Amino acid sequence: MDIEQFRKAGYQAIDRICDYFYSLEKRPVASQVQPGYLREALPDSAPEQGEEWDTIADDYQKLILPGITHWQHPSFFAYFPTASTFEGLLGDLYASSTSNPGFNWNSSPACTELEAVVMDWSAKLFGLGDHFLNSSEIGGGVIQTTASDSALVAIVAARSAYTKKHPGVKHEDLIIYTTTQTHSLGTKAALVLGLQCRALQVKAEDEFGLRGDTLKQAIEEDTKQGKHPFVIIATIGTTSSGAIDRLNEIGEVVKGSSLWVHVDAAWAGVTLSCPEFRDIAQLDYINKYGDSLCVNFHKWGLVNFDASAFWVRDRKLLTDALDITPEYLRTKHGDAGTVIDYRNWHLALGRRFRSLKIWFVLRSFGQEGFRNYIRKSVALNNYFVSLVKQSPSFSFVTKPSFALTVFRLTPQLHEGSKISPTQESLNDLNREFHNRTLTRPEILLTQTVIDGVFCIRFAVGAERTTKEHIDKAWALIQEEAEVALGIWAKKAVSVPN
Ligand SMILES: *Cc1c(COP(=O)(O)O)cnc(C)c1O
């Protein structure tokens, strides 16, 4: 493809992407294809001779789009939102056009400098303390690929800092602390690093947030056994239910110890942009006790996948753990320490120019536009919460969190009813109900299990979702609930307890 052919193909691609967005609402939210559909449709090996671009471009429409689940669909309420904005998309396009690995300042000064600036902009947007700013030259921010990479990097830095302070500690005695509600990234990091991981118990009565007492007791138990807990992953807004660990209590327990506090706010961290959510999201305690923090822009933060913002209180602890500088990567500025060499802040050498899309988004929306978008999502979720509250057939499993509601069907039984549903039976009912919603192409909801309770998650955040989509979703939910309840009641009557 030459430059003029690219110009033409590029115009066509943008046209088709616009058409895609216009047609989004008419598409089934979840892809309807069967496993293996694409292998059947594609040849066994790449073509020997190059093909015409038009054929290739048409095959994207014909073969790929049907296999896409439309996370940008306004009735996508599954998992968590994944941002997509045209500003972000254009950022990726420009970044691709220079295809630059930007691993150190010299390899392309703009890649490093823009990242350092937009991470400071973002830190200020979220109200982070000055110590997290790159301009502080003590802490700083870097864009990682995902929250999982952010956690892994934090744990590597924590381990290095801990073993330097406690020489002679055996690798096998080190422990990572998570909770039973922490994202699997904690266990994954433990697997990758060959370390032990202990999931601390959280309770329903504490809204599944970790308490200081539980942490304190675990530290005492493990220390007694010669173990060394060196990092705790505290979550602000768990994936399952949006639970929030009590950072104030955790901070009090770890104060003065060398336990590293990594705050995983991958999904909910963007709410820190709004002053009214900062107390719930524990901003003061993040600033006071957090050694590192992760907020994904690519979830609910208007920036296309991938862009995981990661801050550390002390950048030296990060680079001490990750700095390897072979001769061929040495530079005058790097040696003098006058520039950031981001290759020492993450796992890979090369890195995508992700700051460009964050820069585009923050400029085009402004801080106010960003906050308004977060507020809109929370308001829509609050509206959904009000609908659930009014219905006698549903109840909340956990307290609604920001733009996430976890609920389930709990049928009202009239007095004297022979049915006294067991947990298992209620789980069956909710599984049936959820399976029924999965047969409806106009919506997508996902499930979770909390403390043995099967429940449904309703996550708001797609940019195009409006009140009408919530109303439509609620109508569908009620419809399927009624059918599921009918089936369940019949079964329950025929098999009395
Ligand atoms: C989604 C999520 C993750 C994982 O995010 P990735 O960026 O895909 O690794 C981790 N933690 C929380 C709280 C999440 O919501």
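A short tour of the structure in this document, coming up. What you are looking at is a predicted structure, and each value in this text was computed from that prediction instead of being measured.

**A short note on the overall build of the protein chain**
Logical step 1: The helix and strand tally for the protein chain stands at 16 helices and eleven strands.
Logical step 2: Here the protein chain has a C-alpha radius of gyration of 25 Å; the compact-globule value for 497 residues is 23 Å, and the two agree.
Logical step 3: For the protein chain, the spread of C-alpha atoms along the three principal axes comes to 80 × 70 × 45 Å.
Logical step 4: Of the roughly 23,700 Å² of accessible surface on the protein chain, 54% is carried by carbon and sulfur atoms.

**Digging into the pattern of salt bridges**
Logical step 1: Following the criterion strictly, the structure yields 29 salt bridges and no others.
Logical step 2: Between Arg440 and Glu480 there is a salt bridge, with the nearest N and O atoms lying 2.6 Å from each other. Remark: Glu480 occurs in helix H16 (residues 467-494) and Arg440 occurs in the loop between helix H15 (423-438) and strand E10 (446-450); sequence separation between them is 40 residues. Residues Arg440 and Glu480 agree in their burial class; the two are buried.
Logical step 3: It is possible to trace a salt-bridge network through shared partners that takes in Glu432, Arg436, Arg440, Glu442, Glu479 and Glu480.

**Let's talk about the site of the ligand**
Logical step 1: Residues in close proximity to the ligand total 15 residues, the closest being Ala147, Ser148, Asp264, Asn296 and Lys299.
Logical step 2: Contact between the ligand and Ala147: an oxygen atom at 2.7 Å from a main-chain N or O atom of the residue.
Logical step 3: With respect to the ligand, the side chain of Ser148 contributes an N or O atom lying 2.6 Å from an oxygen atom.
Logical step 4: The fraction of the free accessible surface of the ligand (390 Å²) that becomes covered by protein chains is 91%.
Logical step 5: Taken together, the elements giving at least two residues each to the shell around the ligand come down to helix H6 (147-165) and helix H11 (297-300).
Logical step 6: For the shell around the ligand, the per-class residue count stands at five nonpolar, eight polar and two charged.

**Describing the nonpolar core**
Logical step 1: Grouped together as the largest cluster of nonpolar side chains are 92 residues, with contacts concentrated most on Phe126, Trp311 and Phe458.
Logical step 2: It is helix H14 (residues 355-390) that provides the largest number of residues to this core, a total of twelve residues.
Logical step 3: Counting 33 residues, the second-largest nonpolar core is a separate cluster that includes Val153, Ala189, Leu195 and Cys294.

**Re the side chain of Lys357**
Logical step 1: Considering the arrangement of structural elements, one finds Lys357 in helix H14.
Logical step 2: Residue class for Lys357 comes out buried when judged on its relative accessible area of 0%.
Logical step 3: Looking at Lys357, its side chain comes within polar contact range of the main-chain oxygen of Asn304, at 3.1 Å.
Logical step 4: When near neighbours in sequence (up to four residues on either side) are disregarded, Lys357 contacts Gly88, Gly91, Asp92, Val303, Asn304, Phe305, Asp306, Ala307 and Arg352.

**A few points about the packing of aromatic side chains**
Logical step 1: Throughout the structure, instances matching the rule amount to 25 aromatic pairs.
Logical step 2: Ring centres of Tyr162 and Phe230 lie 6.3 Å apart, and the angle between their planes is 50°; on these two criteria the pair is classed as tilted. With Tyr162 in helix H6 and Phe230 in strand E4 (residues 228-235), this residue pair connects regions lying 68 residues apart in the sequence.
Logical step 3: The exposure class assigned to Phe230 is buried, which follows from its relative accessible area of 0%.
Logical step 4: Relative to Trp300, the ring of Trp267 lies with its centre 5.5 Å away and its plane at 15°, an arrangement referred to as stacked. Remark: Trp300 occurs in helix H11 and Trp267 occurs in the loop between strand E5 (260-264) and helix H10 (283-289); sequence separation between them is 33 residues. Trp300 shares its class with Trp267; the two are buried.
Logical step 5: An aromatic cluster is defined as three or more aromatic residues linked by ring pairs; in this entry it consists of Phe77, Phe384, Phe394, Phe407, Phe433, Phe458 and Trp474.

**Looking at the sheet that holds E5**
Logical step 1: With respect to topology, seven strands assemble into an open sheet ordered E1-E7-E6-E5-E4-E2-E3, the strand pairing being mixed. Two strands in the sheet have a free side with no partner beyond their single neighbour: strand E1 (140-144) and strand E3 (196-200). Neighbour to neighbour, the strand axes of the sheet diverge by 20° on average, direction disregarded.
Logical step 2: Where strand E2 (residues 174-179) meets E3, five bridges bridge the pair, whose relative direction is parallel. By the bridge assignment, Thr178 is partnered in E3 with Ala199.

**Some remarks on helix H12 (residues 315-322)**
Logical step 1: Among the residues making up H12, those that are buried are Arg315, Leu318 and Leu322. The buried residues of H12 all sit within an arc of 65° when viewed along its axis, so they share a single face.
Logical step 2: Where H12 is buried, its residues contact H6 and strand E7 (308-312).
Logical step 3: Capping the start of H12, Asp314 holds a side-chain oxygen 3.0 Å from the backbone nitrogen of Lys316, two or three residues further along.

**Let's talk about the packing of H6 against helix H7 (residues 185-193)**
Logical step 1: Between H6 and H7, the least distance of the axes is 9 Å, while the angle of their chain directions is 55°. With respect to H7, the axis of H6 lies oblique. For the pair H6 and H7, the crossing hand works out as right-handed. Here Ala147, Ser148, Ala151, Leu152, Ile155, Val156 and Arg159 of H6 lie close against H7, whose contacting residues are Leu185, Ala189, Val192 and Leu193.

**Focus: the side chain of Thr85**
Logical step 1: Along the polypeptide, Thr85 turns up in the loop between helix H3 (53-64) and helix H4 (86-98).
Logical step 2: With a relative accessible area of 1%, Thr85 lands in the buried category.
Logical step 3: If we ignore the near neighbours within four places in the chain, the residues touching Thr85 are Leu302, Asn304, Val361, Phe365 and Glu463.

The rules behind these values
All residue numbers refer to position in the chain's written sequence, counted from 1. Whole-chain, interface and lining totals are the exception, using all residues; otherwise, since this is a predicted model, local features are given only for residues with pLDDT of at least 70 and side-chain atom pairs are given and counted only at 80 or more. Note that water and hydrogens are dropped before the side-chain values are worked out from all heavy atoms of the structure. The way it works is that DSSP assigns letters per residue, a run of H or I at least four long becomes a helix, a run of E at least two long becomes a strand, and they are numbered from the N terminus. As defined in this context, the radius of gyration uses C-alpha atoms, and a globule is described by 2.2 Å times the residue total to the power 0.38. Each accessible area is a Shrake-Rupley estimate made with a 1.4 Å probe; only the visible protein chains count as cover when residues are assessed. Whenever Lys or Arg places a side-chain nitrogen within 4 Å of a carboxyl oxygen from Asp or Glu, that contact is recorded as a salt bridge. Categorising residues by exposure relies on relative accessible area from a 1.4 Å probe, with only protein chains included: less than 20% of the type maximum marks a residue as buried, more than 50% marks it as exposed, and the intermediate range marks it as partly exposed. Neighbouring residues are identified by heavy atoms, a residue being near a molecule or strand if any of them is within 4 Å of it. N or O atoms within 3.5 Å of each other form a polar contact, as long as, within protein, one can give a hydrogen and the other can take it, and as long as residues adjacent in sequence are counted only when both atoms are side-chain atoms. Here the term charged refers only to Asp, Glu, Lys and Arg, the term nonpolar to Ala, Val, Leu, Ile, Met, Phe, Trp, Tyr, Cys and Pro, and the term polar to all other amino acids, Gly among them. Take the buried residues of types Ala, Val, Leu, Ile, Met, Phe, Trp, Tyr and Cys, join any two whose side-chain atoms come within 4.5 Å, and each joined set is a nonpolar core. Residue contacts are defined here by distance: any two heavy atoms, one from each residue, within 4.5 Å place the two residues in contact. For Phe, Tyr and Trp, where Trp contributes only its six-membered ring, two rings pair if their centres lie within 6.5 Å, and the inter-plane angle classes them as stacked under 30 degrees, edge-to-face over 60, or tilted in between. Strand pairing is assigned whenever DSSP identifies at least 2 bridges connecting the two strands. Between the N-to-C directions of two axes lies an angle of 0 to 180 degrees, each axis being a line fitted to C-alpha atoms and, for a helix, fitted only over the stretch in contact. Relevant arc is that of directions from the helix axis to the C-beta atoms, nothing else. Our angle categories are set so that under 35 degrees counts as roughly parallel, over 145 as roughly antiparallel, 65 to 115 as roughly perpendicular, and the remainder as oblique. Note: crossing handedness is left-handed where the near helix turns anticlockwise from the far helix by less than a right angle, and right-handed where it turns clockwise.

From the geometry alone we can't say anything about function, so treat these as descriptive.
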